Structures are given as structure tokens and as C-alpha cells.
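Structural characterization, general
These are the residues of each chain, in order.
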Amino acid sequence: MTKSSNIRILIILGLLVLAVVAPIGQKNYIIYVLTSWLIFTIAAMGLNLTLGYAGQISLAQASFMAIGAYITALLTLAGWHWIVAMPLALFACFVIGLLLGYPALRVKGHFLAFVTLAFNTLVFLVLRNEDWLTGGSIGLVGMPRPDFGLFSTMKQLPFYYFTLAVTAFAALAMWGIVRSPWGRAFKALRENPVRAESLGVDTRRITLLAFAIGSTYGGLAGTLITPLVQFIEPGSFALAHSLRILLMVIVGGAGYFFGPWVGAGVVILLPEVLRFTQGYYLIIYSALVIVMLIFVPSGLIGVGARIRDKIWPKQQVRADLAEGASLK
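Conventions used here
- Residues numbered from 1 in each chain as written.
- Predicted model: local features only at pLDDT ≥ 70, side-chain atom pairs only at ≥ 80, totals over all residues.
- Heavy atoms only, no water.
- Helix = DSSP H or I, 4+ residues; strand = E, 2+ residues; numbered from the N terminus.
- Rg over C-alpha atoms; globule rule 2.2 N^0.38 Å.
- Buried < 20%, exposed > 50% of the residue type's maximum accessible area, 1.4 Å probe, protein only.
- Contact = heavy atoms within 4.5 Å.
- Areas by Shrake-Rupley, 256 points an atom, 1.4 Å probe, with all protein chains shown as cover.
- Phe/Tyr/Trp six-rings, centres within 6.5 Å; stacked < 30°, edge-to-face > 60°.

**Thoughts on the overall build of the chain**
Within the chain, the regular secondary structure consists of 15 helices and two strands. For 328 residues, the compact-globule estimate of 2.2 N^0.38 gives 20 Å, and the chain sits close to it at 21 Å. Projected onto its principal axes, the C-alpha positions of the chain cover 75 × 50 × 45 Å. Residues classed as buried in the chain amount to 45% of the 328 residues present. Sequence separation of 24 or more characterises 77% of the internal contacts of the chain that already satisfy a separation of 6 or more. Within the structure as shown, the chain displays about 17,100 Å² of accessible surface, and the carbon and sulfur contribution to it stands at 70%.

**As for the packing of aromatic side chains**
Evaluation of the coordinates by the stated rule reveals ten aromatic pairs. Taking the centre distance of 6.3 Å and the plane angle of 65 degrees together, the rings of Y70 and F237 count as edge-to-face. With Y70 in helix α3 (residues 61-77) and F237 in the loop between β2 (231-232) and α11 (239-252), the pair connects residues that are 167 residues apart, well separated along the chain. By relative accessible area, which is 4% here, Y70 ends up buried.

See the structure below:
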């Protein structure tokens, strides 16, 4: 195991310990904000896979949060347990995400962005107008939090740890995906689709999988939002929230595994840190985000990676020397 791998493991363990102790002794509102950070991190993970790894732009992540949230809400209000409603919501998001991926086989760039934008708008209009099912603009209220017998999530702190466990499991699954042959195929699709196809990568299947898996993560975030706030309405999943998740991915660093964690922290937690400035906190927050987007286009994780490479430069072996050594 290399020195950089050891440092990475220590950083991950340190962050996990920090996440465990952070809410202890805090008021309910602070715990609520920390829980929101974890939930939006999951949504940003999914978009990071679709956009950062596979290079397929999507402005519809909030709509999949809505699908996951409403399916979970309707089933739990009907008496189903969250642990049963959640897989059904994820399956629906996977199938719908797979269908949304088909336009990506024909259109690219800003044309694909408009397609996903239209889908987000369509979902919003359905949720608002089909009030017989979704409650319309009034929304749905009173969704129960999951109870696991010896462990109940009715209070804020237990629900935070429940969300942390789900987030950790989702992160492990994502780590396995990006380190698998699928992950390498996603990166090849992002860099050069023509070359990837010439090397035997089924770009059609990989494109669809990028949308399906990314959408499933959005749905998972939605299944957690439902019991957290215990109230959902269409405005909570409008286009502005898709743009918000996109901002998390870009600020954190698209294509970096820890980018969604950092990006969600900036978007969710930074405004709360700046509240001591009273009425100026949104102005300061917006200015900081603009500065980061201008001077740090690769995201905050990208800056950290460049600093790491300067401190611990990787030793590169010339190809001709390596070949000569192998012939000895």
C-alpha cells in the first residue's frame, strides 16, 4: 500500500469520526442542516457519476428526488414501512432514468441539457396538477419516520445517524462502481466516445447506465427527504433545485469521488456559517461561489489534487526505459 493510499484512508477515517461526533450536543436545527447535507451529498453523487464521470449533462436530478420522495410518501402514508417503500422508489427511478438516457444517444451538450430540463419541468407540472394523487400545490404531510424496533428515528439525532449510515453505504457502492470496469468505461465515454467505441466499449449501454444509476441516487436522496421534513410539495423539486445540485458537483469538483461531499458542504453548510453577517450572508455566499467558479474551475477537490501532486509528485517512468528494462 502506497503512502498516498495510507493518507487517503486516514483522511476518510478522520472525516467519518468527525461526521459521527459533529451533531453531538447540537440543537435540532443544526442536526437538521447536517442531515440535509448528507442527503444532498447522495443526490450530488448520482449527478457526479452522470456528469463528472460519464460526461452526460443532466438538469433533472431534482425530479428524481421528487419521484423517490413522492413514491416513498404515498407508500408510507398507506402503511408501508420505509424499508419496503425505498427499494420500489429506487427501482422506479432506475427505470425512468434509463428511459431518460435514450435522448443522450442522439443529442449531446446543451441539446441534452434542454431535454433533461424539459423532463424536470414535466415532473414538476405533473406533481402540481395531479392533486388527486400528489396533493397538488398543497403537497403531502405527516409521513412517518422509519422505526426499526430497538432503533427509532423519530428524533433528529437518531435520524441523522440513520442517514449517515445510508450515505456511507451509498458512498461504498459508488466507490465500487467507479473502481469497476464500468467506472473506467464511464471515464472513456467522457474523454472520447469515438475512441471508447473503437476500443470495444458499448457506449450505448454505458450512457444508459450512467443516467439510470445517477437517477437512482437522486431517488435515494428523495426517499430520505420525505421522512426528514415530513412534508413535500412540488416547489421543493423545481428546476432551481436541480441547478443547486449541479452547483454542488461543479464547486466540489466534477469527476472527483469526494467532490459531492465538499460541494454539498459549500452549498448547504456555508450559508449557515455566514448567518452571523445577518442580511449580507446571501450576498457574501453568492460572491464566494462566483469567485470559486472563476478561479477554481476544476472545483475545490481539483485544487487539493494539484497541491497534493506538488507535495508528493508521482514518479513517472519513461516508456522507452520501461520497455528496455523488460527486454533484459
